[in-house]
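Take a look at the letters that make up each chain.
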Amino acid sequence: MSVRNLDKLLEPKSIALIGATPKPGSVGSVIARNLFHAGFAGPILPVNPKYDAIEGVFAYRDVASLPMVPDLAVICTPPETVPGLVAELGARGCKAAVVITAGFGELGEGRGKELERAMLEAARPHLMRIVGPNCVGVMVPGIGLNATFAHVTPPKGDIAFVTQSGAMATTVIDWAMPRKIGFSQMVSLGDMSDVDFGDMLDWLANDGRTRAVLLYVEAVTHARKFMSAARAAARLKPVIVIKAGRHAEAAKAAASHTGALAGADAVYDAAFRRAGMLRVFDIDELFDAVATLAAPPAHGGDRLAILTNGGGLGVLATDALMDEDGHLAALDPATLEKLDAVLPRTWSHGNPVDIIGDADGARYKAALDVLLGAPEVDAILALNCPTAIASSVDAAEAVVSVAKSRRRPVFASWLGGTDKALAARALFADARIPSFETPDKAVRGFMHLVRYRRAQENLMEVPDAAPENLAPDVADARAAVDAALAAGLEWLPDPDVRRVLAGYGFRLPKGELAKDPAAAAEAAGRIGGRVALKVYSPQVLHKSDVGGVALDLDGPKAVLVAAEAMAARVRAKVPDAEIRGFLVQEMIRRPGAYELILGTSEDRQFGPAILFGQGGTAVEVLKDTAMALPPLNVKLARELIASTRVSRLLRGYRDTPAANVAEVELALVRLSQLVCDLDAVAELDINPLLVDAKEAIVLDARIRVRAPKSRVHAARLAIEPYPSELAQPVLLEGVGPAIVRPIRPEDAPLIDSLVDRMDEEDRRMRFFAPVKRLSRDQLARLTQIDYDREMAFVCESMMMGVGLLGVVRIAADPDHARAEYAIALRSDLKGIGLGRRLMVRILDYARSRGVGEVFGEILRENRNMIDLCRGLGFRIEASPDAPELVHASLALADWQGPEAAAGAHEPG
């Protein structure tokens, strides 16, 4: 499930509290008090056979006695009673429950896990949603809902907080209260037996009351759903995440606490980055992020001006900005001249703008007014240290008076702990200006906004054109892998490793496999020149660790001697090693080349992840690696490389030329394609990949295989890869051969050209407005789709230079209950049946994905589209909310497919 019935959880009209009690200090008593006194307008029905009334309200003996079906049930009874209660509530029609009770899956396998399974089995037939168990509960301040045992109810706001930890829920609320920060929702997920982060993100993405989302994550379940939901939410509003369990010991503690197994932190980091979320690393930083996001939305760049009454504060803030890779705004001469006119001669005449220790409110106001009007400044950080000469409160009032009328972000840090400092912070809180206790925290708050914007820009960036030389021999590579699995091998033999990599276009040194030292010497003679010699043994994975590598051997005789000595060394260090021969390779000499590592391994939550970094024998010591989730395109590969320290070396330095980074990007794209194609590859390690100014070449590699866990291709991937198998050739009358295929991110220029070849009227019919060109962001949204929830088929001519002929798309809700369609054709190609062909293709696809209904809104005067839809079986109705539109809908369960639509005619 995803958002189904979450309205009953977060927008209930009635609530039953099972386990309500007047016993002081008990969970049931605290929840009852919160429910009855938070302002909820609907009926609240306490259930407990021991009491006649709870909080002055009549109490019912059991679920059967309830006079109405509650939308939401809150359960705080012993674990053994929960499955039965869920079954009773579900049978009566209740659609959501919050299970406060602990003692379920978080205890591991055993009775607790059995009870959790029984609870879910009881809920499933009724489509009843469960939050918890082992949680604090749910708050929606906007409707007066506080179904928690928290000690306070926060005010209404536009920030949602979703957490696995109940302690974090109450801590964040307690911190937010004096700062007057409110929440749209606070959901404690607990053990996430049903409702999880993916479900909540899907709900909050479309919740008009929520402007920003905060997550406290210990572990993610259902990685693909999480990634789809996170990316959809992050495109619409800021999503800030703090991930606990960054280290192995902490992850173990988190697993014990939540009952979920946390994956490698580097993979989580890659997932958050890919989804466009902003990650923070401790509670203090999370609170800073809350303060930043609680301010009204303001957009701008990363050039910061610092306004201060103390030079030392300005220096500290500048240091913090540089540490965070921020940019100090360079003030233009015109701005400096304006500041000269309003400030004393002793001001700093630069950025930071030090307006001297006697600065009063009027001076702050005048300087801030200039900086907010400076085009070279994107945001301002105002600092104040207390003095006996000027009032800190007056300075704060001046900042508030100027900042509230401007759209640029203003941050504040009024130092000190006196009543005046506290009063100034209260003024900032009332004005919703982010305020911090120290300059470095204020800078960090500013950088939160900068990083969020950068993440959004990355999501919207149009990638480079796809490489044209990616045509892997998938069948041959899969045959090599299948042969190894059939033979019961865990590690692919070296010759097959080379075969697989060569099939995907990796450059490899010339080499031969020799069965013994004498054969190795003969192979060296055939290869010629100096060679490298490596032992071939299934039991030896790290050859250099056991003396299984010899380099720079000159001639057959040297190879013979080295092979015999190598065999003796390996047998001495690994007595059970079966030496099956030796790999003889040409010796690659690349002065000034860089050794890199590329690899992939499987994460427990997110499936395959790709690793990149500085390679060689010291890779574990250097610890300069980063990870990304496949699939990768060139743009994503470039970002992965840039996130490592070695990327700076690859640019070249002193007399060392820059490496051919484009070749490294291509190698990562090839590796990504291999991972997506070959689901039996569990682990792959290329170390080193040697790259210089000319090319990148694989010197050593290994591949571990295992039988796929799922019959569904690519089901193990957290992100749905490009579905190339859906491409179909077509022959169009008057046009010739074409291909109907899924859209790619690289198609943005083609979509731009397609829109350009639509006449003004057709563009108005498609976009409901007189659109001339699509913006870069619009092109990105149309081409960078989530193939798990969306699909767009483009029809591309096979004739050189013709481009796209048309495009059709659907976007489904998270449950695939309904999907909205849209279609666009070149204006000169109407009347040849292309529109009908594309519509049939997308409807057929939607039905295969289990979509229940396809619908669309059509301008009433668009008779061509209305007639086409009616001919395909759509029901056409007037739109109740917009008289200029009609609503077209098709229940796919009743649709008979292309055959039934064969007689449909598309008007010209």
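Refer to the preceding data block for the structure.
Conventions and cut-offs
Every chain's residues receive numbers from 1 upward, in the order its sequence appears when written. The model is predicted, so local features are restricted to residues of pLDDT at least 70 and side-chain atom pairs to those at 80 or more, both for listing and for counting; the totals for chains, interfaces and linings are taken over all residues. Note: side-chain values were computed over all heavy atoms of the structure, leaving out hydrogens and water. Numbering of helices and strands runs from the N terminus; a helix is a DSSP stretch of H or I covering at least four residues, while a strand is a stretch of E covering at least two. Throughout, the radius of gyration refers to the C-alpha atoms, and the reference size of a globule is 2.2 Å times the residue count to the power 0.38. In what follows, a contact means two residues having at least one pair of non-hydrogen atoms within 4.5 Å. Each accessible area is a Shrake-Rupley result for a 1.4 Å probe, and residues are judged covered by the shown protein chains and nothing else. In this tally Asp and Glu are treated as negative and Lys and Arg as positive; neither His nor the chain ends contributes. To locate a charge, take atom NZ for lysine, CZ for arginine, CG for aspartate or CD for glutamate. As used here, the term nonpolar core means buried Ala, Val, Leu, Ile, Met, Phe, Trp, Tyr and Cys residues forming a set that is joined through side-chain atoms within 4.5 Å. Burial classification: accessible surface area is computed with a 1.4 Å probe over protein chains only, and a residue below 20% of its type maximum counts as buried, one above 50% as exposed, and the rest as partly exposed. DSSP bridges decide pairing: two strands pair if at least two such bridges lie between them. For every element, the axis is a line fit to its C-alpha atoms; helices are fit only across the contacting stretch, and the angle between N-to-C directions ranges from 0 to 180 degrees. Salt bridges are defined as contacts in which a side-chain nitrogen from Lys or Arg sits within 4 Å of a carboxyl oxygen from Asp or Glu. Handedness of a crossover is defined as follows: with both strands directed away from the viewer, a clockwise route from the first strand across the helix to the second makes it right-handed. The arc under discussion is defined with respect to the helix axis, by the directions toward the C-beta atoms. For this analysis, a polar contact is any N or O atom pair within 3.5 Å, provided that within protein one partner can donate a hydrogen and the other can accept it, and provided that sequence-adjacent residues contribute only side-chain to side-chain pairs. When an angle is under 35 degrees it counts as roughly parallel; over 145 it counts as roughly antiparallel; between 65 and 115 it counts as roughly perpendicular; any other value is oblique. Think of it as three bins: nonpolar holds Ala, Val, Leu, Ile, Met, Phe, Trp, Tyr, Cys and Pro, charged holds Asp, Glu, Lys and Arg, and polar takes everything else, Gly as well. We call Phe, Tyr and Trp rings a pair once their centres come within 6.5 Å, taking the six-membered ring for Trp, and we label the pair stacked below 30 degrees between planes, edge-to-face above 60, and tilted otherwise.

(A) Examining the overall build of the chain more closely. The helix and strand tally for the chain stands at 29 helices and 37 strands. Relative to the 2.2 N^0.38 estimate, which gives 29 Å for 908 residues, the radius of gyration of the chain is 32 Å and therefore close to what a compact globule would have. Here the C-alpha coordinates of the chain stretch approximately 95 × 80 × 65 Å along the principal axes. For the chain, contacts bridging at least 24 residues in sequence account for 71% of all contacts bridging at least 6. Accessible surface, the chain: about 37700 Å² in total, of which carbon and sulfur atoms supply 53%. Between the mean site of the 104 positive side-chain charges and the mean site of the 116 negative ones, the chain shows a separation of 1 Å.

(B) Seen up close, the nonpolar core. Residues L215, F226, M277 and F606 are the most contacted members of the largest nonpolar core, which totals 64 residues. For this core, the element with the most residues is helix 7 (residues 223-234), which contributes seven residues. Setting aside its immediate chain neighbours within four residues, L215 contacts F161, V162, F197, L201, V239, I240, V241, I242 and M277. Membership of the second largest hydrophobic core comes to 56 residues, among which are L774, A812, L843 and V854.

(C) View of the sheet that holds strand 5 (residues 72-75). The strand order across the open sheet built from five strands is 2-1-5-6-7, with neighbouring strands paired in parallel fashion. Two strands bound the open sheet, and with one partner strand each, they are strand 2 (44-47) and strand 7 (129-131). Strand after strand, the sheet turns through a mean of 20° between neighbouring axes, direction not considered.

(D) Region of interest: the pattern of salt bridges. Following the criterion strictly, the structure yields 57 salt bridges and no others. In this structure, R224 engages D788 in a salt bridge whose closest nitrogen and oxygen atoms are separated by 3.8 Å. You can see R224 sitting in helix 7 and its partner D788 sitting in the loop between helix 27 (776-783) and strand 32 (790-797), a full 564 residues away along the chain. Here R224 falls in the buried class, since its relative accessible area comes to 18%. Across the salt bridge formed by R590 and D692, the nearest N and O atoms sit 3.1 Å from each other. Pair noted here: R590 is in the loop between strand 23 (581-586) and strand 24 (594-603) and D692 is in the loop between strand 27 (681-691) and strand 28 (696-698), with a separation of 102 residues, a long-range link.

(E) Structural detail: the pairing of strand 10 (residues 156-163). In terms of residue burial, strand 10 counts as a mostly covered element, since six of its eight residues are buried. Looking at chain direction, strand 10 and strand 11 (residues 183-188) are connected through six bridges and run parallel. Bridge pairing in strand 11 links F161 to M186. Chirality of the crossover, the property in question, places the unit of strand 10, helix 5 (residues 166-176) and strand 11 among those that are right-handed. Bridge analysis of strand 10 against strand 12 (residues 212-217) gives five bridges, and the strand direction is parallel. Residue pairing across strands places I159 opposite A212, the latter belonging to strand 12.

(F) Highlighting helix 3 (residues 82-92). Where helix 3 is concerned, the buried positions are V82, P83, L85, V86, L89 and G90. The arc that holds every buried residue of helix 3, seen down its axis, measures 160°, which confines them to one face. A positive backbone phi angle near 110° is found at G93, which sits one or two residues after helix 3.

(G) Region of the structure containing the environment of I31. With respect to the helices and strands, I31 occurs in helix 2 (residues 27-37). By relative accessible area, I31 is classed as buried at 0%. Here the alpha-carbon distance between I31 and L17, two residues 14 residues apart in the chain, equals 8.3 Å.

(H) Just the side chain of N687, in detail. Here N687 shows up in strand 27. A polar side-chain atom of N687 sits 2.7 Å from the main-chain amide nitrogen of G616. Those residues in contact with N687, other than ones at most four positions away along the chain, are L596, I597, G615, G616, V619 and D700.

(I) Highlighting the pairing of strand 9 (residues 145-148). Neither face of strand 9 is left uncovered, since the one carrying L145 and A147 and the one carrying N146 and T148 both have all their residues buried. Bridge count between strand 8 (residues 137-140) and strand 9: four bridges; the pairing is antiparallel. Bridge assignment links V138 to a residue of strand 9, and that residue is A147.

(J) Molecular detail of the packing of helix 14 (residues 392-403) against helix 15 (residues 419-430). Close contact between helix 14 and helix 15 brings their axes to 8 Å; oriented N to C, the two are set at 10°. By the criterion of interaxial angle, the relationship of helix 14 to helix 15 is roughly parallel. Here S392, V393, A396, E397, V399 and V400 of helix 14 lie close against helix 15, whose contacting residues are K420, A423, A424, L427 and F428. Grouping the constituent residues of the contact of helix 14 with helix 15 by class yields eight nonpolar, one polar and two charged.

(K) Summary view of the packing of aromatic side chains. Scanning the model with the defined rule gives 12 aromatic pairs in all. Pairing Y821 with F874 gives two aromatic rings, centres 5.8 Å apart and planes at 55°, and the pair type is tilted. Taken together, the residues Y821 in strand 34 (residues 818-825) and F874 in the loop between helix 29 (863-871) and strand 36 (875-878) connect sequence positions 53 residues apart. Take Y821: its relative accessible area is 8%, and that puts it in the buried class. A relative accessible area of 5% places F874 in the buried class. Aromatic rings pair up to connect F226, Y268, F272 and F606 into one cluster.

(L) Up close: the sheet that holds strand 35 (residues 853-859). Strand order in the open sheet formed by eight strands is 30-31-32-33-34-35-37-36, with mixed pairing between adjacent strands. Two strands in the sheet have a free side with no partner beyond their single neighbour: strand 30 (728-732) and strand 36. For this sheet the average axis-to-axis angle between neighbouring strands, irrespective of direction, equals 25°. Pairing between strand 31 (residues 736-742) and strand 32: five bridges, direction antiparallel. Looking at strand 32, one finds that A738 is bridged to S797. Here helix 25 (residues 748-756) sits on the sheet in contact with strand 31, strand 32, strand 33 (804-812) and strand 34, set at roughly 110° to strand 33. Where helix 26 (residues 760-767) meets the sheet, it contacts strand 33, strand 34 and strand 35, and its direction lies at approximately 175° from that of strand 34.

(M) Region of interest: the packing of helix 3 against helix 4 (residues 111-123). At a closest axis distance of 8 Å, the pairing of helix 3 and helix 4 adopts a crossing angle of 5°. On the basis of the axis angle, helix 3 is roughly parallel to helix 4. Residues V82, P83, V86 and A87 of helix 3 form the contact with helix 4, whose own contacting residues are L115, A118, M119, A122 and A123. Across the contact of helix 3 with helix 4, the residue classes break down as nine nonpolar, no polar and no charged.

(N) Main features of the environment of R590. Overall, R590 belongs to the partly exposed group, its relative accessible area being 27%. Contacts of R590, omitting those with residues within four sequence positions, involve L690, D692 and E695. Only 3.1 Å separates the side chain of R590 from the side chain of D692, close enough to count as a polar contact.

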